[in-house]
Amino acid sequence: MGEEELPTTHTGPKGVINDWRKFKLESVDQDSMPPSKRELLRQMSSTHKEGGPDKGHRKMSAQEYELIKEEDEKDLRRYRRQCMQEMRDRLSFAPKFEGVQELESGEAFLEVIEKEHHLTTVVVHIYEAEVKGCEVLNNCFTCLAAEHPTVRFCKIKASSTGAADRFSNDVLPTILVYKSGELLGNFLCATRHLNEEFFAVDVEAFLNEYGLLPGKDFNPEGNNEEEADVE
């Protein structure tokens, strides 16, 4: 049986809003709702208003605005949680990893990049022990590997890559990020992007700035309070 793939299209802001409005309408208890409120939600969730485009742009009353303001926060949280669950369901079959893998050769490096699962992000640290920042970054990778088990964190000495001339000490530490064999991030002398003293959370934040790390695994115990607010 073929593996399920994530959608390749990118939904724009208007599409996201329309999806949320549809979710909002479908998630409410229609039977217990007053007719006036039900009609308002129907109008909000419809992308094609009756009576032509001009009538679809009437000014919202203060009462309607307050109704939306009171309920939108909880509905939006429910919608976001549903989207997160759908994403987790799609990724549930993806490989999981423990710790940081030490790559011993250029061939091992290429094999990881070319043969890894197409949904798996591969983050590689090219280092040499004597270069400042490399040891700290290796320790940060160990922490991040525990936080992001669906990401494959690897490290390899520049002298083991077979391309030591390209990875001289003045460009180390280097971070390379791949997915489906494609290079997504190439950060030479990566410590220049961080403070002089940095930790795993700083490296995580830096990678997240470029959208290179998937969301962390969902922790249902951590959402009990949110569930109580929504129900």
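On a predicted model such as this, the values are computed, not experimentally measured, just so you know. (Residues numbered from 1 in each chain as written. Predicted model: local features only at pLDDT ≥ 70, side-chain atom pairs only at ≥ 80, totals over all residues. Heavy atoms only, no water.)

### Some words on the side chain of His-125
Part 1 of the reasoning: Relative to the assigned elements, His-125 resides in strand E2 (residues 121–127).
Part 2 of the reasoning: Accessibility expressed as a relative area gives 0% for His-125, which makes it buried.
Part 3 of the reasoning: For His-125, the side chain forms a polar contact with the side chain of Asn-138, separated by 2.7 Å.
Part 4 of the reasoning: Not counting chain neighbours up to four residues away, the residues in contact with His-125 comprise Cys-134, Leu-137, Asn-138, Phe-141, Cys-154, Lys-155, Ile-156, Pro-173 and Thr-174. (Helix = DSSP H or I, 4+ residues; strand = E, 2+ residues; numbered from the N terminus. Buried < 20%, exposed > 50% of the residue type's maximum accessible area, 1.4 Å probe, protein only. Polar contact = N/O pair within 3.5 Å; in protein donor to acceptor, adjacent residues only side chain to side chain. Contact = heavy atoms within 4.5 Å.)

### Some words on the environment of Val-177
Part 1 of the reasoning: Tracing the chain through its elements places Val-177 in strand E4 (residues 174–179).
Part 2 of the reasoning: Of the residues examined, Val-177 reaches a relative accessible area of 0% and is grouped as buried.
Part 3 of the reasoning: When the C-alpha atoms of Val-177 and Leu-212 are compared, they prove to be 7.5 Å apart, with 35 residues separating the residues in sequence.
Part 4 of the reasoning: Discounting chain neighbours no more than four positions away, the residues touching Val-177 are Thr-121, Val-122, Val-123, Glu-182, Leu-183, Leu-184, Gly-185, Leu-207 and Leu-212.

### So, the nonpolar core
Part 1 of the reasoning: Grouped together as the largest cluster of nonpolar side chains are 20 residues, with contacts concentrated most on Val-123, Leu-137, Phe-153, Ile-175, Phe-187, Val-203 and Leu-207.
Part 2 of the reasoning: Among the secondary structure elements, those contributing two or more residues to this core are helix H5 (134–147), E4 and helix H6 (200–209).
Part 3 of the reasoning: Top contributing element to this core by residue count: H5, with 5 residues.
Part 4 of the reasoning: Discounting chain neighbours no more than four positions away, the residues touching Leu-207 are Ile-175, Val-177, Phe-187, Leu-212 and Leu-213. (Core = buried A, V, L, I, M, F, W, Y, C linked by side-chain atoms within 4.5 Å.)

### Thoughts on H5
Part 1 of the reasoning: When the terminal C-alpha atoms of H5 are compared, their 20 Å separation across 14 residues agrees well with the 20 Å that a helix rising 1.5 Å per residue should span.
Part 2 of the reasoning: Looking only at H5, the buried set comprises Cys-134, Leu-137, Asn-138, Cys-140, Phe-141, Leu-144 and Ala-145. Buried residues along H5 cover an arc of 160° about the axis, so they all sit on one side. Among the exposed residues of H5, those pointing more than 90 degrees away from its buried face are Glu-135 and Ala-146.
Part 3 of the reasoning: Packing partners of the buried residues in H5 comprise E2, strand E3 (152–157), E4 and H6. (Expected span 1.5 Å × (residues − 1). Arc of directions from axis to C-beta.)

### Quick notes on unusual backbone geometry
Part 1 of the reasoning: In this model, Leu-172 is joined to Pro-173 through a cis peptide bond whose omega is -5°.
Part 2 of the reasoning: With respect to the helices and strands, the residue Pro-173 is situated in the loop between E3 and E4.
Part 3 of the reasoning: The residue Ser-180 is not glycine, and still its phi comes out positive at about 55°.
Part 4 of the reasoning: With respect to the helices, strands and loops of the structure, Ser-180 is situated in the loop between E4 and strand E5 (182–187).
Part 5 of the reasoning: Residue classification places Ser-180 among the exposed positions, given a relative accessible area of 53%.
Part 6 of the reasoning: In this model, Cys-189 sits at a positive phi of 45°, which is unusual for a non-glycine residue.
Part 7 of the reasoning: Assignment of secondary structure puts Cys-189 in the loop between E5 and H6.

### Some remarks on the sheet that holds E2
Strands belonging to one sheet form pairs held by backbone hydrogen bonds; the direction of such a pair is parallel or antiparallel.
Part 1 of the reasoning: On the basis of which strands lie adjacent, the open sheet formed by 5 strands has the order E1-E3-E2-E4-E5 and mixed pairing. The outermost strands of the open sheet, each flanked by one partner alone, are strand E1 (101–102) and E5.
Part 2 of the reasoning: Sheet contacts for helix H4 (residues 106–115): E1, E2, E3 and E4; angle to E3, the most-contacted strand, approximately 160°.
Part 3 of the reasoning: H5 rests against E2, E3 and E4 of the sheet, and its axis sits at about 160° to E2. (Pairing = 2+ DSSP bridges. Axes fitted to C-alpha atoms, helices over the stretch in contact; angles between N-to-C directions.)

### Some words on the packing of aromatic side chains
Part 1 of the reasoning: Here the structure, examined in full by the defined rule, presents 5 aromatic pairs.
Part 2 of the reasoning: Relative to Tyr-178, the ring of Phe-109 lies with its centre 6.2 Å away and its plane at 80°, an arrangement referred to as edge-to-face. One end of the pair, Phe-109, is in helix H4; the other, Tyr-178, is in strand E4, and 69 residues separate them in sequence. Like Phe-109, the residue Tyr-178 is buried in the burial classification.
Part 3 of the reasoning: Centre to centre, the rings of Phe-187 and Tyr-210 are 5.1 Å apart; their planes meet at 55°, and the pair counts as tilted. On the criterion of sequence distance, the pair formed by Phe-187 in strand E5 and Tyr-210 in the loop between H6 and helix H7 (224–230) is long-range, its members being 23 residues apart.
Part 4 of the reasoning: Relative accessible area serves as the criterion here: at 8%, Phe-187 is assigned to the buried category.
Part 5 of the reasoning: Judged by relative accessible area, Tyr-210 falls into the partly exposed class, the value being 45%.
Part 6 of the reasoning: The rings of Phe-187, Phe-206 and Tyr-210 are connected pair by pair, giving a single aromatic cluster. (Phe/Tyr/Trp six-rings, centres within 6.5 Å; stacked < 30°, edge-to-face > 60°.)

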